[in-house]
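Observations on chain architecture
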Amino acid sequence: MTFPVVGMVGGGQLARMTHQAAIPLGARFRVLAASPSESAAQVVGDVVLGSEDDLADLRRFAQGCDVVTFDHEQVPTALLEALEADGVAVRPSPQALVHAQDKGVMRARLAEIGVPCPRNRIVADPADVAAFAAEVGGWPVVLKTTRGGYDGKGVWIVRGEQEAAVPFAAGVPVLAEEKVDFTRELAACVVRSPHGQAVAYPVVESIQVDGVCREVIAPAPNLAEDIAVRAQRIALSIAGELGVVGHLAVELFETVDGRILVNELAMRPHNSGHWSIDGALTSQFENHLRAVLDLPLGDPRARAPWTVMVNVLGGDYSDMYRPYLHVMARDPGVKVHMYGKDVKPGRKVGHVTVCGDDLDDVRERARHAADYLRGDITE
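This text gives an overview of the structure that appears in the document. (Residues numbered from 1 in each chain as written. Predicted model: local features only at pLDDT ≥ 70, side-chain atom pairs only at ≥ 80, totals over all residues. Heavy atoms only, no water.)

1. Focus: the sheet that holds strand E6 (residues 141-145)
As summarised here, the arrangement of the four strands in space is E5-E8-E6-E7, forming an open sheet in which the pairing is antiparallel. A single partner strand is all that each edge strand has here, and the edge strands are strand E5 (120-123) and strand E7 (155-158). Averaged over neighbouring strand pairs, the angle between their axes works out to 30° when direction is ignored. With four bridges connecting them, E5 and strand E8 (residues 174-178) associate as antiparallel partners. The residue of E8 that forms the bridge with Val123 is Val174. (Pairing = 2+ DSSP bridges. Helix = DSSP H or I, 4+ residues; strand = E, 2+ residues; numbered from the N terminus. Axes fitted to C-alpha atoms, helices over the stretch in contact; angles between N-to-C directions.)

Okay, structure coming up:
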């Protein structure tokens, strides 16, 4: 029996961790990377060097793959449609993926299917932004480029018409959204297969610093059961309505008046699901592979009452190996995941995970490990 070949476009840490999940499944794994130094290219045996913006490179990469999937949303939609026309199984499909690529398309479609979102519309210029601000009760408002943003890039909080000029310099449509009065950010992650089987992970709390995810707590503490169920149902509904195949992360605001509103979508393994490698019976990466291969999905339930994942961002240590040894010796219960990336200030270079019965203890241990790896603390 020949096991299938999964091709993942993108050579970052998500592809690296998906490769790790493919090994016990017996699935063969290929990655399209821009450079042999990229995170996944360092560890995957079958690497094709090329660009996701070049159709010839994509076609060369897809030859021999049973399915093609992604570790980011930056592949041009038209190129994916061309692959589909060639007979390549692209999952998620370009018709679904465009809702994670283009925020304007996403907002329009979510409105059609009745998903609760912040008030929003495409704006033409700074004067139009001022008109939108008046419509939603005044400044500040949030402006987003419809394509190309991630980790806080392509997002501005503007407090007046003069500030609103900057986003239009990118030369792409700009989406204006009301600034939501929220208490915290949540994420509901689900996985859906081609024949419609779907599973939902526990809803998590995501803590952002300067637009970058710093910490994830699974499950979200003190989250009312009815709100958690509502969030999971919203995510499952979006996956079904958009025809998503694979992992879908739905980033949410929990508002001060008890509502939940959809902020962003990601149709791939996501930072808010990294906790599942150590904290769930089936990780997001394994279930993503199962879904794109149309295998029965795995159990998404948590292994422990609490799991905390903290991202390791580049800091004072250019070489993290020595602090890495200290962290492992100090607390053998900490799981350290390093991405093989050069250390740069603020860059995600790894993450740590701790599971246990006591949230305060688990959170303190995870934070201490990440802080030590960054060089924020030395003991």
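And the narrative resumes.
2. Focus: the nonpolar core
If you look at the biggest cluster of nonpolar residues, it comprises 45 residues, and the most contacted ones within it are Ile238, Leu248 and Val262. Among the elements that make up this core, the one with the highest residue count is helix H7 (residues 225-242) (eight residues). If we ignore the near neighbours within four places in the chain, the residues touching Leu248 are Ala188, Cys189, Val190, Ala235, Ile238, Ala239, Leu265, Ala266 and Met267. Counting residues in each nonpolar core, the second largest holds 19 residues, with Trp306, Val336, Val352 and Ala366 among its members. (Core = buried A, V, L, I, M, F, W, Y, C linked by side-chain atoms within 4.5 Å. Buried < 20%, exposed > 50% of the residue type's maximum accessible area, 1.4 Å probe, protein only. Contact = heavy atoms within 4.5 Å.)

3. Observations regarding the packing of aromatic side chains
Evaluation of the coordinates by the stated rule reveals three aromatic pairs. Considering the side-chain rings of Phe182 and Phe253, the 4.6 Å spacing of their centres and the 25° angle between planes classify their relative orientation as stacked. Here Phe253 lies in strand E13 (residues 246-255) and Phe182 lies in strand E9 (residues 182-192), a separation of 71 residues in the sequence. Relative to Trp275, the ring of Tyr201 has its centre 6.3 Å away and its plane inclined at 90°; by these criteria the two rings are edge-to-face. One end of the pair, Tyr201, is in the loop between strand E10 (198-200) and strand E11 (204-209); the other, Trp275, is in the loop between strand E14 (260-266) and helix H8 (276-279), with 74 residues separating them in the sequence. Both residues of the pair, Tyr201 and Trp275, count as buried. (Phe/Tyr/Trp six-rings, centres within 6.5 Å; stacked < 30°, edge-to-face > 60°.)

4. Thoughts on the layout of surface pockets
Computed from the structure, the second largest pocket encloses a volume of approximately 170 Å³. If you go around the second largest pocket, you meet 13 residues; those closest to its centre are Gln20, Ala21, Ile277, Ser283 and Glu286. Elements represented by at least two residues in the lining of the second largest pocket include exactly helix H1 (13-25), H8 and helix H9 (284-292). A total of four residues in the lining of the second largest pocket trace back to one element, the largest contributor, which is H1. Of the residues that constitute the lining of the second largest pocket, the class distribution is seven nonpolar, four polar and two charged. (1 Å grid on protein atoms, 1.4 Å probe; cavity = no way out; pocket = protein on both sides within 12 Å on 5 of 7 lines; lining within 4 Å. Points joined across faces, edges and corners; volume = space filled by probe spheres on them. Nonpolar A, V, L, I, M, F, W, Y, C, P; charged D, E, K, R; others polar.)

5. Some points on the sheet that holds strand E1 (residues 5-9)
Ordered by their spatial adjacency, four strands build an open sheet running E3-E2-E1-E4, and the pairing between neighbours is parallel. The open sheet terminates on both sides in strands that have one partner only, identified here as strand E3 (46-49) and strand E4 (67-70). Pairs of neighbouring strands in the sheet enclose a mean axial angle of 25°, with direction left out of account. Here four bridges tie E1 to E4, and the two strands are oriented parallel to one another. Paired with Gly7 across the two strands is Val68, which belongs to E4.

6. Describing the state of the cysteines
Under the defined criterion, the tally for this structure stands at zero disulfides. Cys189 provides the cysteine sulfur closest to Cys117, a residue in no disulfide bond, and the two sulfurs are 17 Å apart. With relative accessibility at 18%, the residue Cys117 sits in the buried group. No disulfide involves Cys213; its nearest neighbouring cysteine sulfur is the one of Cys189, lying 10 Å away. A relative accessible area of 5% means that Cys213 is categorised as buried. (Disulfide = S-S within 2.5 Å.)

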